[in-house]
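A structural walkthrough
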Amino acid sequence: MAGNPERRAALVDAGIEVLARDGARGLTFRAVDTAAGVPVGTASNYFTSRDDLLRQIDARVHLRLAPDPEALAGLMSLPRDRTLVTALMHDLMARAVRDRTGHLALLELRLEATRRPELRASYTESVRGQLEYGMEFHRDAGLPGDDTTVAVLYLAMLGLIVEHLTLPGVLDGVLPGAGVPEGLVERIVAAVVPEERG
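The shown structure was predicted, so the numbers you read here are calculated from the model rather than taken from an experiment.

Turning our attention to the overall build of the chain. What the chain contains, in helices and strands, is ten helices and zero strands. Going residue by residue from the N terminus, the α and β elements of the chain occur as α-α-α-α-α-α-α-α-α-α. Across its three principal axes, the chain shows a C-alpha extent of roughly 65 × 35 × 30 Å. Counting only residues that meet the buried cut, the chain has 40% of its 198 residues in that class. The chain carries 22 positive and 28 negative side-chain charges, and their two centres are separated by 5 Å.

As structure tokens, this is what we get:
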């Protein structure tokens, strides 16, 4: 297997683009080579199989969508209350919008996992790890609510992200006075995160 890490990362990023644009059936080594602008046969030198490429896409897309450490540090300087949770959810939504392709690739991975048990196992572990990390982060940061709060936020925000990135018209005007997506983020947090007791 070829060992140039920059070339491997570029090929995985190209794979993310292909997966988001063409779905799992369109994710071939040839399509990745074309998207990356490299000679045909390059991707096959970097990945042992299509499953290997899918696993590396999973890992890479989660890195691409992770919060910026400096932005997160700035947010975490705020008081540990519902306002901070709202700011964190706005940051999550902004990252989803900024890297729409990355989120669409994640959706395609979910769909492909329903058809491929080996991918389902690794992808379930990956997504579950992200959810458990979110719960641990919430607890350690002393944010309002508990693991149930985080699980419901996860489900609500995932639904908002999916609708906004795929069928945004579904949400337009659904809650009068709540803009899409910002106002809906506010409504979600207000409905899910408990108020501080004074």
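This next bit is on the pattern of salt bridges. For the coordinates displayed, the defined rule picks out 13 salt bridges. The shortest N-O distance in the salt bridge between Arg128 and Glu132 comes to 2.8 Å. Here Arg128 and its partner Glu132 are both found in helix 8 (residues 117-141), four residues apart, which amounts to about one turn of the helix. Judged by relative accessible area, Glu132 falls into the partly exposed class, the value being 41%. Members of the salt-bridge network, linked through shared partners, are Arg50, Asp51, Glu112, Arg115, Arg116 and Glu118.

Moving on, we get to the environment of Leu171. With respect to the helices and strands, Leu171 occurs in the loop between helix 9 (147-166) and helix 10 (182-192). We classify Leu171 as buried; its relative accessible area is 12%. Leu171 sits ten residues away from Pro181 along the chain, and the two C-alpha atoms are 8.3 Å apart. Those residues within four positions of Leu171 in sequence are excluded, and the remaining contacts are Leu160, Glu163, His164, Val180 and Leu184.

Phi is mostly negative for residues that are not glycine, and the peptide bonds are mostly trans. In this model, Val180 is joined to Pro181 through a cis peptide bond whose omega is 0°. Following the sequence through the fold, Pro181 ends up in the loop between helix 9 and helix 10.

It is worth spelling out the environment of Glu112 at this point. Along the chain, Glu112 turns up in helix 7 (residues 100-115). Distance from Glu112 to Tyr123, taken between C-alpha atoms, is 9.8 Å for residues eleven residues apart in sequence. Beyond its immediate sequence surroundings of up to four residues, Glu112 is in contact with Ala24, Arg50, Leu54 and Leu119.

For any two helices packed against each other, one specifies the crossing angle of their axes together with the interaxial distance. Two elements in contact, helix 1 (residues 5-22) and helix 7, have axes separated by 8 Å at closest approach and are oriented at 70°. Taken together, helix 1 and helix 7 sit at an angle that is classed as roughly perpendicular. Between helix 1 and helix 7 the crossing geometry is left-handed. Along the contact surface, helix 1 presents Ile16, Glu17, Leu19 and Ala20, while helix 7 presents Thr101, Gly102, Leu104, Ala105, Glu108 and Leu109. Considering only residue class, the contact of helix 1 with helix 7 consists of six nonpolar, two polar and two charged.

Following both chains from N to C, one finds helix 4 (residues 50-65) and helix 8 inclined at 10°, their axes separated by 11 Å at the closest point. Overall, the two elements helix 4 and helix 8 adopt an arrangement that is roughly parallel. Judged by residue contacts, Asp51, Leu54, Arg55, Asp58 and His62 of helix 4 engage Glu118, Leu119, Ser122, Tyr123, Ser126 and Gln130 from helix 8. Looking at side-chain class alone, the contact of helix 4 with helix 8 contains three nonpolar, four polar and four charged residues.

Residues with a pLDDT of 70 or more make up 98% of the chain, whose mean pLDDT is 95. By mean pLDDT, helix 4 is the weakest element of the chain at 94, and helix 2 (residues 29-36) is the strongest at 98.

Moving on, we come to the side chain of His103. For His103, the location among the structural elements is in helix 7. With residues near it in sequence (within four places) discarded, His103 still touches Leu65, Ala96, Ile161 and Leu165.

What counts, and where the lines are drawn
- Residues numbered from 1 in each chain as written.
- Predicted model: local features only at pLDDT ≥ 70, side-chain atom pairs only at ≥ 80, totals over all residues.
- Heavy atoms only, no water.
- Helix = DSSP H or I, 4+ residues; strand = E, 2+ residues; numbered from the N terminus.
- Buried < 20%, exposed > 50% of the residue type's maximum accessible area, 1.4 Å probe, protein only.
- Lys, Arg positive; Asp, Glu negative; His and termini not counted.
- Charge placed at Lys NZ, Arg CZ, Asp CG, Glu CD.
- Salt bridge = Lys/Arg side-chain N within 4 Å of Asp/Glu carboxyl O.
- Contact = heavy atoms within 4.5 Å.
- Axes fitted to C-alpha atoms, helices over the stretch in contact; angles between N-to-C directions.
- Parallel < 35°, antiparallel > 145°, perpendicular 65-115°, else oblique.
- Left-handed = near helix turned anticlockwise from the far one by under 90°.
- Nonpolar A, V, L, I, M, F, W, Y, C, P; charged D, E, K, R; others polar.
- pLDDT = per-residue confidence, 0-100.

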